[in-house]
Amino acid sequence: MSQFEFLLALYAIVAGLGLSLLVRSIGQMIEARVRVRLYWVHTCWIALAFVGHVVSWFVLWSHAGHEPWTVLQALLLLAVPILLYLISHLAVPELEDDRVHDMRDYYYRHVHWMQGLLLAVLVLGTVAQYVIEGRPDLSSPGVVRTAMAIILLPGIASRRPTLHAAQAVGLVVVMMLAISYVARPIG
């Protein structure tokens, strides 16, 4: 087993846990649909978390030929799915009770954490790319990370619904660009 395969296995476990948590939470929302008031901005964040998990896994593949791996490089790469797991955890409340859950209220209670964690994912992904490759990432994925970070910054400081609506639209557009990169063949 190569060092990359070893790292890939650990990455897959953490990313798989995050995806599993997110899918489980969506299932709970479907089961509790009569008690859940949806909010489209919150729904965009759920989609963003899901796509973030998938895209990060594909980005990891771009390092398949890298050898040797340092602990710092591995930690920087593994921080991404760990933070995405936390975003997945915050994306949907526990719906085991019999209360009505307003996703708009829930979103604004957790928005600073979710956006701050996503910003940390982007920053750590950029730092990891630099530490592994030894140069700044000026490729299309690097531009996508930068655009997302710029879109996120105002939302971390403000709770204005119009700002978050515009931000959700911007993030979904950038997310679609990220999906177009994933649509390309690996390798």
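Quick note: structure is the one above.
The paragraphs below set out a description of the structure included in this document.

Thresholds applied
Residues numbered from 1 in each chain as written. Predicted model: local features only at pLDDT ≥ 70, side-chain atom pairs only at ≥ 80, totals over all residues. Heavy atoms only, no water. Helix = DSSP H or I, 4+ residues; strand = E, 2+ residues; numbered from the N terminus. Rg over C-alpha atoms; globule rule 2.2 N^0.38 Å. Buried < 20%, exposed > 50% of the residue type's maximum accessible area, 1.4 Å probe, protein only. Contact = heavy atoms within 4.5 Å. Lys, Arg positive; Asp, Glu negative; His and termini not counted. Charge placed at Lys NZ, Arg CZ, Asp CG, Glu CD. Patch = residues over 30% accessible without salt bridge, like charges linked within 9 Å, V, L, I, M, F, W, Y side chains within 5 Å. Areas by Shrake-Rupley, 256 points an atom, 1.4 Å probe, with all protein chains shown as cover. Salt bridge = Lys/Arg side-chain N within 4 Å of Asp/Glu carboxyl O. Expected span 1.5 Å × (residues − 1). Core = buried A, V, L, I, M, F, W, Y, C linked by side-chain atoms within 4.5 Å.

Further remarks concern the overall build of the chain. Along the chain, the regular secondary structure elements total six helices and two strands. Counting from the amino terminus, helix and strand elements in the chain follow one another as α-β-α-α-β-α-α-α. For a compact globule of 187 residues, the expected C-alpha radius of gyration is about 16 Å, and the chain comes in at 17 Å, within 12% of that figure. When the 187 residues of the chain are sorted by exposure, 46% land in the buried category. Partitioning the contacts of the chain with sequence separation of at least 6, the portion at a separation of at least 24 is 81%. Averaging the positions of the 12 positive and the 11 negative side-chain charges in the chain gives two centres separated by 10 Å.

The subject of this paragraph is a nonpolar patch on the surface. Taken together, the side chains of Leu10, Ile13, Leu17, Ile82, Tyr85 and Leu86 make up a nonpolar region of the molecular surface, amounting to roughly 520 Å² of accessible area. Those elements that provide at least two residues to the nonpolar patch are helix 1 (3-31) and helix 3 (71-91).

A word on the environment of Leu124. Inspection of the secondary structure assignment puts Leu124 in helix 4 (residues 103-133). Since its relative accessible area comes to 24%, Leu124 is described here as partly exposed. For Leu124 and Leu78, which are 46 residues apart along the polypeptide, the C-alpha to C-alpha distance reads 9.7 Å. Apart from residues lying up to four places away in sequence, Leu124 is in contact with Leu76, Ala79 and Leu83.

It is worth spelling out helix 2 (residues 40-61) at this point. Structural remark: α-helix, 3.6 residues per turn; residues separated by three or four positions point the same way. When the terminal C-alpha atoms of helix 2 are compared, their 32 Å separation across 22 residues agrees well with the 32 Å that a helix rising 1.5 Å per residue should span. All of the buried residues along helix 2 are Val41, His42, Cys44, Trp45, Ile46, Leu48, Ala49, Val51, His53, Val55, Ser56 and Leu60.

Below, the discussion takes up the side chain of Gln115. Relative to the assigned elements, Gln115 resides in helix 4. Its relative accessible area of 0% is what places Gln115 among the buried residues. Filtering out sequence-adjacent residues up to four positions away, Gln115 remains in contact with Trp45, Tyr107, Leu152, Gly155, Ile156, His164 and Gln167.

In this section: the nonpolar core. Trp45, Tyr107, Leu118 and Met148 are the most contacted members of the largest nonpolar core, which totals 54 residues. For this core, the secondary structure elements donating two or more residues are helix 1, helix 2, helix 3, helix 4, helix 5 (140-157) and helix 6 (161-182). Ranked by residues supplied to this core, first place goes to helix 4 with 12 residues. Not counting chain neighbours up to four residues away, the residues in contact with Tyr107 comprise Tyr39, Val41, His42, Trp45, Met114, Gln115, His164 and Gln167.

This next bit is on the pattern of salt bridges. Counting across every chain of the model gives three salt bridges. Among the salt bridges present, the one from Arg24 reaches Glu94, with a minimum N-O distance of 3.5 Å. With Arg24 in helix 1 and Glu94 in the loop between helix 3 and strand 2 (101-102), the pair connects residues that are 70 residues apart, well separated along the chain. Between Arg135 and Glu133 there is a salt bridge, with its nearest N and O atoms 3.8 Å apart.

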